[in-house]
Amino acid sequence: MNSLEITLTLPDPVQPKFCRLTLDGGRLIRASWTGGRRPRVTTKDLDVQSGSHAKRAFGRARDEMMRKGYCRVSDAGGAARGETVLEMLVPNRCPADVFDISPDGGSLVVGTMLAGAYGAEIHLVDIATGRRRLVHSEPPEPGPAPLGKGQTFLHTVLFHPDGEQIVYLLNGETRLLDPLSGRQRRLAAYREGKDAAFNPFCVHPAWNRNRTRLLVFDAGTMVRVLDADGSPLWEVCTADPVTQCRAGALSPSGQLVALHRASRGVIYRHEDALHDVTNEIEVWDITAGRPIARIPAPVAGRTVHRVGFDPAEGLIVGNPDPVQGPCGMSISTGELAWHFPHGFLTSRWDTCYAWDYSPDGAMLAIGRRDLVDIVDAGMPAGDPASGLGPSTDDRTGPTGRTNRVRFSGDGRLLAYGGDSGRLVIRKIR
């Protein structure tokens, strides 16, 4: 017999609302109430042929309420390891892949775009209650006829180390937003194809582990490292007639920078660049002001979707296009140290849309389709059962392609989301 039950909350500081959904065999029972009032109960007999059909009907009812702003919350302090602490659908029927979790693990910042990317919004979400607050709206940019408006692609939102301000990337402009005052400050800005060769769908601003240094991409095809106040610490020009910078990252300490450079002949098959087969990851030492390694991309002929570092800063970690891996490559030798093979295909590695290390470096979280694997970072290509593994809670809906995973600063929580619009937070410790 199928039996599932969840209680959803529409957070409101004055008059919260609740909805309890129960799947009892072939019946879906909905109880709705406000505050301490008596629930209004309705029952629907499902015209289903199997248990899987009944569970899908349960999921549709859950998501119908979540699109209205309801969410599923539980106390993180009392939750068991692996339990879902928050589940929600982000606003505007948008993918849930632009978000960050605050350093103290108490809040989320979520970026969404309006229909057609004509307008964008940034919300703050209180993890304990699910209550969300709109802190910034971005109108469509001026554009040519016939629409008369331009698109506003919101690529990244990141908490400042103070836990209040927000760094975000809109089209090619990196800004610092103070939600309390509404004041904004430009940290870097470029126009793709006009004053820089960067692609904002590929290169994004990124902090080091303790958020003391910020990597940004600027006009003139400049890559810069800023301190937390926005002052420049280091820069390098990546302009080149044949190659493009396709990804970048800061090491956990902020002392090293990784930049993936590839020929346009490799990326786009441009005829004028077919003679150049550059496809490598440069590792720069900021203090020395020079590159210390050039590592070939892990899969010949494939660019790298994302680059980063392992906690000890001895490996470059990345995943080749199209979304494979991840893998670790030695900075000193360039050799492949580990990777995740596909379960049954020999022509490619396992699917990887995103990954993140826990703050203590003990765990590696990998975003796959509809789930997240959490493995022991000391044996990353081993059995996922060595870590927390995927959620087995049938009440939690699918994320689709899990395009972002992010540990909280204290390592207690893991947030992840994907193109289904679902954002989930699970307790890790």
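Within each chain, residues carry numbers counting from 1 in the order of the written sequence. It should be noted that, the model being predicted, local features are given only for residues of pLDDT at least 70 and side-chain atom pairs only at 80 or more, the latter also being counted only at that level, while totals for whole chains, interfaces and linings use all residues. In computing side-chain properties, one takes all heavy atoms of the structure into account and sets aside hydrogens as well as water.

### Remarks on the overall build of the protein
This is how the line gets drawn: The helix count covers DSSP runs of H or I at least four residues long, the strand count covers runs of E at least two residues long, and both are numbered beginning at the N terminus. The quantity called the radius of gyration is restricted to C-alpha atoms. Its globule counterpart is 2.2 Å times the number of residues to the power 0.38. Burial status follows relative accessibility: with a 1.4 Å probe on protein chains alone, a residue under 20% of its type maximum counts as buried, one over 50% as exposed, and anything between as partly exposed. When checking whether two residues touch, look at their non-hydrogen atoms; a contact exists if any pair is within 4.5 Å. Surface exposure here means Shrake-Rupley accessible area, sampled with a 1.4 Å probe, where a residue is shielded only by the protein chains that are shown. Asp and Glu count as negative and Lys and Arg as positive, but His and the ends of the chain are not part of the count. Working definition for charges: the position is that of NZ of Lys, CZ of Arg, CG of Asp or CD of Glu.
Scanning the protein for helices and strands turns up two helices and 34 strands. Relative to the 2.2 N^0.38 estimate, which gives 22 Å for 429 residues, the radius of gyration of the protein is 23 Å and therefore close to what a compact globule would have. Dimensions along the principal axes, computed over C-alpha positions, put the protein at roughly 70 × 50 × 40 Å. Here the protein holds 429 residues, and the buried ones make up 52% of them. Of the contacts made within the protein by residues no fewer than 6 positions apart, 47% connect residues no fewer than 24 positions apart. Carbon and sulfur atoms make up 49% of the accessible area of the protein, which amounts to about 18,900 Å² in all. Side-chain charges of the protein comprise 51 positive and 49 negative groups, with the mean position of each set lying 7 Å from the other.

### A short note on the sheet that holds strand 17 (residues 206-207)
Condition: Two strands are counted as paired when DSSP detects at least two bridges linking them.
Spatially, four strands are ordered 17-18-19-20 in an open sheet, and the strand pairing comes out antiparallel. Lying at the two open borders of the sheet, with one neighbouring strand each, are strand 17 and strand 20 (232-237). Bridge analysis of strand 18 (residues 213-218) against strand 19 (residues 222-227) gives six bridges, and the strand direction is antiparallel. Bridge pairing in strand 19 places L214 opposite L226.

### Details of the nonpolar core
Defined as follows: As used here, the term nonpolar core means buried Ala, Val, Leu, Ile, Met, Phe, Trp, Tyr and Cys residues forming a set that is joined through side-chain atoms within 4.5 Å.
Of all hydrophobic cores here, the largest spans 19 residues; its most connected members are V85, L86, L108, V110, L423 and I425. Of all the secondary structure elements, the ones that give two or more residues to this core are strand 6 (84-89), strand 7 (99-101), strand 8 (107-113), strand 33 (413-417) and strand 34 (422-427). Take this core: its biggest share by element is three residues, from strand 6. The next biggest cluster of nonpolar side chains, apart from the first, holds 17 residues, and it includes I281, I295, A297 and M329.

### Here we look at the sheet that holds strand 13 (residues 154-159)
Quick reminder of the rule: Where helices are involved, their axes are fitted lines through C-alpha atoms of the stretch in contact, as for all axes, and angles between N-to-C directions lie from 0 to 180°.
Strand order in the open sheet formed by four strands is 13-14-15-16, with antiparallel pairing between adjacent strands. In this open sheet, the two edge strands, each paired with only one partner strand, are strand 13 and strand 16 (184-189). Averaged over all neighbouring strand pairs, the angle between strand axes comes to 20 degrees, with direction disregarded. As judged from the five bridges shared by strand 15 (residues 173-177) and strand 16, these two strands associate in the antiparallel manner. For L177, the partnering residue across the bridge sits in strand 16 and is Q184.

### Observations concerning the packing of aromatic side chains
How we decide: In summary, the pairing rule links any two rings of Phe, Tyr or Trp, Trp by its six-membered ring, whose centres are within 6.5 Å, and it sorts them by plane angle into stacked for under 30 degrees, edge-to-face for over 60 and tilted for everything else. Here, over-ring charges are defined by two tests on the NZ atom of lysine or the CZ atom of arginine: distance to the ring centre within 6 Å, and angle to the ring normal within 35 degrees.
One pass over the structure, following the stated rule, counts seven aromatic pairs. Ring centres 5.5 Å apart and planes at 20 degrees place the aromatic pair F18 and W33 in the stacked group. Residue F18 is found in strand 2 (residues 17-24), and its partner W33 is found in strand 3 (residues 27-34); the two are separated by 15 residues along the sequence. Geometrically, the ring pair formed by W338 and F340 is edge-to-face, given 5.9 Å between the ring centres and 90 degrees between the ring planes. One aromatic cluster in this structure is built from Y190, F198 and F217. Directly above the aromatic system of F340 lies the positively charged group of R368, at a separation of 5.3 Å from the ring centroid.

### What to know about the pattern of salt bridges
Note the following rule: The term salt bridge refers to a pairing of a side-chain nitrogen on Lys or Arg with a carboxyl oxygen on Asp or Glu at a separation within 4 Å.
Per the stated rule, a full pass over the model turns up 27 salt bridges. Here E173 makes a salt bridge to R186, at a shortest N to O gap of 2.9 Å. Here E173, found in strand 15, pairs with R186, found in strand 16; they are 13 residues apart in sequence, far enough to count as distant. You can call R186 exposed: its relative accessible area is 58%. In this structure, D272 and R264 form a salt bridge, with 2.8 Å as the shortest nitrogen-oxygen distance. Looking at R264, the relative accessible area reads 14%, which means it is buried. In this structure, a network of salt bridges that share partners links the residues D100, R209, R211, D356, R404 and R406.

### Structural notes on the pairing of strand 30 (residues 363-367)
Among the five residues that make up strand 30, five are buried, leaving the element largely enclosed by the rest of the structure. Neither face of strand 30 is open: one carries M363, A365 and G367, the other L364 and I366, and all of them are buried. As paired strands, strand 29 (residues 354-357) and strand 30 are joined by four bridges and run antiparallel to one another. When the bridges of strand 30 are listed, Y357 appears paired with L364. Count of turn residues in the strand 29/strand 30 antiparallel hairpin: five residues, of which G361 carries a positive phi of about 75 degrees. Hairpin remark: strand 30 followed by strand 31 (residues 372-376), antiparallel, with four residues in the connecting loop; positive phi at D370, about 70 degrees.

### Brief notes about helix 1 (residues 51-66)
Counted only if it meets this: To estimate how far a helix should extend, the number of its residues minus one is multiplied by 1.5 Å.
Relative to the 22 Å expected for 16 residues at 1.5 Å per residue, helix 1 spans 23 Å between its end C-alpha atoms, a close match to the ideal helical length. Listed as buried for helix 1 are A54, A57, F58, G59, A61, R62, D63, M65 and M66. The inward-facing, buried residues of helix 1 contact strand 1 (3-10), strand 2, strand 3, strand 5 (72-73), strand 6 and strand 34.

### Here we look at the pairing of strand 15
Across the five residues of strand 15, five count as buried, placing the element largely inside the fold. Where burial is concerned, the two faces of strand 15 agree: the one with E173, R175 and L177 and the one with T174 and L176 are both buried. Relative to strand 15, strand 14 (residues 166-170) runs antiparallel, the two being bridged by five bridges. Bridge pairing links V167 to L176 in strand 15. Counting the residues that bridge the hairpin from strand 14 to strand 15 gives two residues, and of these N171 lies at a positive phi of roughly 50 degrees. Counted between consecutive antiparallel strands, the loop separating strand 15 from strand 16 contains six residues, among which G182 sits at a positive phi close to 80 degrees.

This is a description of form; function is not addressed.
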